[in-house]
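# Understanding the architecture of this molecule
Here are the chains, one letter per residue:
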Amino acid sequence: MPQSRLEVAGIFRAHGPAWRAANAGHVSLDQLKVMSAIERCRTAALGGHVARCEDCGREHIAYNSCRNRHCPKCQAGAAKAWLTAREAELLPVRYFHLVFTLPKPVADIAHQNKRELYNLLMRASADTVIRIATDPKHLGARVGVTSVLHTWGSAMTHHPHVHMIVPGGGLSADSTRWIACRRNFFLSVRVLSRLYRRLVLDGLARLHTAGKLHFFGGHAELVDRAAFDAFLQPLRKIDWVVYAKEPFAGPGAVLAYLSRYTHRVAISNSRLIRVDDQSVTFRVKDYRVNGPGRHTTMTLKADEFIRRFLIHVLPKGQHRIRHYGFFGNGNRAANIARIRELLGAERGRACDDTVDDTVAHRGVLALPCPCCGGQLIIVETIAPQRHPRAPPGTARAAA
């Protein structure tokens, strides 16, 4: 496999069948669907089209994408569309970047209760910022929050955390003033950490009382409430990590950051270095190290690589990007318009879909001809391959 063509899809195609057989009964339907989508992405199985260049006349065949949100090849288009919408909502203020993580004992529970714990992580982190910001002793304003859930570390281990982007200020209670925070200080990390810890631990207790948590393996004993309370007790005494990064250097830097983080998956194809019959080697970053040793490589057996990739498949319907505060979907447009009015800023650039509609109607591809840069026109559609659910005649014979 040439280095320039290394892909997660190729690893799944080569090692997936054996991995499925070895792990039969221990793989969820959602994980199997993700594997299938990635394996079929941009292949004849999904169909495609033939496009002819208007200038040089050459024809090019392109196959359709799977558009699965876990596919490393399908995120660029989704990220571009999402960023275009966010560009129109940028405010002319300083933005801050916060990171909320879970202690390892809680992360281990989250591995067995993904939907409940991921929802709790996102709600608790957003509520923490909104409550502290509303307090007159801190900012005394209603803020807006954009949260992005990540579940992986650089080595694809399970590491759930939330990246949060927050404008440096908020609306007053009566929405008549914009209250800005200090230039290089948003909210106290220590205060945020303590409230965040309390909200998560209280949320865990409620989930346990409601019978919504499940425990397996070494955590099976936690089904007992007394054992669960004893498990949580040490976590009430340690510091929980809430990390505040340097503020962004203007709204443009916010978009650059979001373009890298919003639609990221557990590992990109560009990080793959070598794949053979037994193992996969890829680039990793050790965030505990500063200097030359920060960037290194890791080699995993192919079956372990697949396992680590699939533990980051989100439950069906789980939203990874969420908006809170004055960015809440119900009143976002009105709030942004009011804030711009208070700041004396011009309206953000709106999306114009007219050109895209025209292009789609004419069958013109957005990408230029790779040979001469000319315009590509779709001249033929390739139907997806269809696989019968059972051999022909089976149903008739059964009848």
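Residues numbered from 1 in each chain as written. Predicted model: local features only at pLDDT ≥ 70, side-chain atom pairs only at ≥ 80, totals over all residues. Heavy atoms only, no water.

Helix and strand content of the protein chain: 12 helices and 13 strands. Along the first, second and third principal axes, the C-alpha atoms of the protein chain reach 70 × 60 × 55 Å. Considering only intrachain contacts with a sequence separation of at least 6, the fraction spanning at least 24 residues in the protein chain is 70%. In the form shown here, the protein chain has an accessible surface area of approximately 21500 Å², with 52% of it arising from carbon and sulfur atoms. Within the protein chain, the 31 negative side-chain charges are centred at a point lying 3 Å from the centre of the 57 positive side-chain charges. (Helix = DSSP H or I, 4+ residues; strand = E, 2+ residues; numbered from the N terminus. Contact = heavy atoms within 4.5 Å. Areas by Shrake-Rupley, 256 points an atom, 1.4 Å probe, with all protein chains shown as cover. Lys, Arg positive; Asp, Glu negative; His and termini not counted. Charge placed at Lys NZ, Arg CZ, Asp CG, Glu CD.)

This part covers the pairing of strand S2 (residues 59–63). The pairing of strand S1 (residues 48–53) with S2 spans 5 bridges and is classified as antiparallel. Its bridge partner lying in S2, Val 50 is registered against Ile 61. Counting the residues that bridge the hairpin from S1 to S2 gives 5 residues, and of these Gly 57 lies at a positive phi of roughly 80°. (Pairing = 2+ DSSP bridges.)

As a further point, take the environment of Ala 45. Looking at the element boundaries, Ala 45 is found in the loop between helix H2 (29–40) and S1. Take Ala 45: its relative accessible area is 10%, and that puts it in the buried class. In sequence terms Ala 45 and Thr 297 are 252 residues apart; their C-alpha atoms lie 34 Å from each other. Look past the residues within four positions of Ala 45 in its chain and what remains in contact with it is Arg 40, Pro 384 and Gln 385. (Buried < 20%, exposed > 50% of the residue type's maximum accessible area, 1.4 Å probe, protein only.)

This part is about the state of the cysteines. Two cysteines whose sulfur atoms are joined by a covalent bond form what is called a disulfide. Taken as a whole, this structure holds 0 disulfides when the rule is applied. In this model Cys 71 remains outside any disulfide bridge; the closest cysteine sulfur is found in Cys 66, 3.8 Å from its own. On the basis of relative accessibility, which here comes to 1%, the residue Cys 71 falls in the buried class. (Disulfide = S-S within 2.5 Å.)

Our next topic: the sheet that holds strand S13 (residues 376–382). What the 3 strands build is an open sheet, ordered S2-S1-S13; its pairing is antiparallel. Lying at the two open borders of the sheet, with one neighbouring strand each, are S2 and S13. Across the sheet, the mean angle from the axis of one strand to that of its neighbour is 30°, orientation sign disregarded. Alignment of S1 against S13, held across 6 bridges, turns out to be antiparallel. Bridged to Arg 52 within S13 is Ile 377. (Axes fitted to C-alpha atoms, helices over the stretch in contact; angles between N-to-C directions.)

Per-residue pLDDT for the protein chain has a mean of 86; in total, 91% of the residues score no lower than 70. Here residues 348–361 scores under 50 on pLDDT; set against residues more than four positions off or in separate chains, the count is 8 contacts. Across residues 388–399 the pLDDT falls below 50, and counting only partners more than four positions away or on other chains, this stretch makes 0 contacts in the model. (pLDDT = per-residue confidence, 0-100.)

This brings us to the layout of surface pockets. Of the pockets and cavities examined, the second largest pocket occupies roughly 1200 Å³. The wall of the second largest pocket is formed by 37 residues, among which Trp 152, Gly 153, Ser 154, Lys 285 and Tyr 287 lie closest to the centre. Of all the secondary structure elements, the ones that give two or more residues to the lining of the second largest pocket are helix H3 (75–87), strand S3 (95–101), strand S4 (144–152), strand S5 (158–167), helix H8 (251–261), strand S10 (279–285) and strand S11 (295–301). Of the residues belonging to the lining of the second largest pocket, the class tally is 13 nonpolar, 15 polar and 9 charged. (1 Å grid on protein atoms, 1.4 Å probe; cavity = no way out; pocket = protein on both sides within 12 Å on 5 of 7 lines; lining within 4 Å. Points joined across faces, edges and corners; volume = space filled by probe spheres on them. Nonpolar A, V, L, I, M, F, W, Y, C, P; charged D, E, K, R; others polar.)

Another point: the packing of aromatic side chains. Taken as a whole and judged by the stated rule, the model has 9 aromatic pairs. Taken together, a centroid distance of 5.8 Å and an interplanar angle of 65° make the contact between Phe 282 and Phe 305 edge-to-face. Taken together, the residues Phe 282 in strand S10 and Phe 305 in helix H9 (residues 302–310) connect sequence positions 23 residues apart. Judged by relative accessible area, which is 0%, Phe 305 ranks as buried. An aromatic cluster of three or more residues is present, and its members are Phe 100, Tyr 196 and Trp 240. (Phe/Tyr/Trp six-rings, centres within 6.5 Å; stacked < 30°, edge-to-face > 60°.)

With that settled, the discussion passes to the pattern of salt bridges. Within this structure, the stated rule accounts for 9 salt bridges. Residue Arg 52 pairs with Glu 59 through a salt bridge whose shortest N-O separation is 2.5 Å. Measuring nitrogen to oxygen at the nearest pair gives 3.3 Å for the salt bridge that ties Arg 332 to Glu 89. Here Arg 332 is found in helix H10 (residues 332–343), whereas its partner Glu 89 is found in the loop between H3 and S3, with 243 residues between them in sequence. Judged by relative accessible area, which is 17%, Glu 89 ranks as buried. Among the ionic contacts, a cluster of salt bridges with common partners joins Glu 304, Arg 307 and Arg 308. (Salt bridge = Lys/Arg side-chain N within 4 Å of Asp/Glu carboxyl O.)

Moving on: the sheet that holds S5. The strands that make up a sheet are held in pairs by hydrogen bonds between backbone atoms, and each pair lies either parallel or antiparallel. On the basis of which strands lie adjacent, the open sheet formed by 5 strands has the order S8-S3-S5-S4-S12 and antiparallel pairing. Sheet topology places strand S8 (242–244) and strand S12 (321–325) at the edges, where each strand pairs with a single neighbour. Here the strands of the sheet are splayed against their neighbours by 25° on average, with no regard to which way each runs. As paired elements, S4 and S5 share 6 bridges and run antiparallel to each other. The partner of Thr 146 across the bridge, within S5, is Ile 165.

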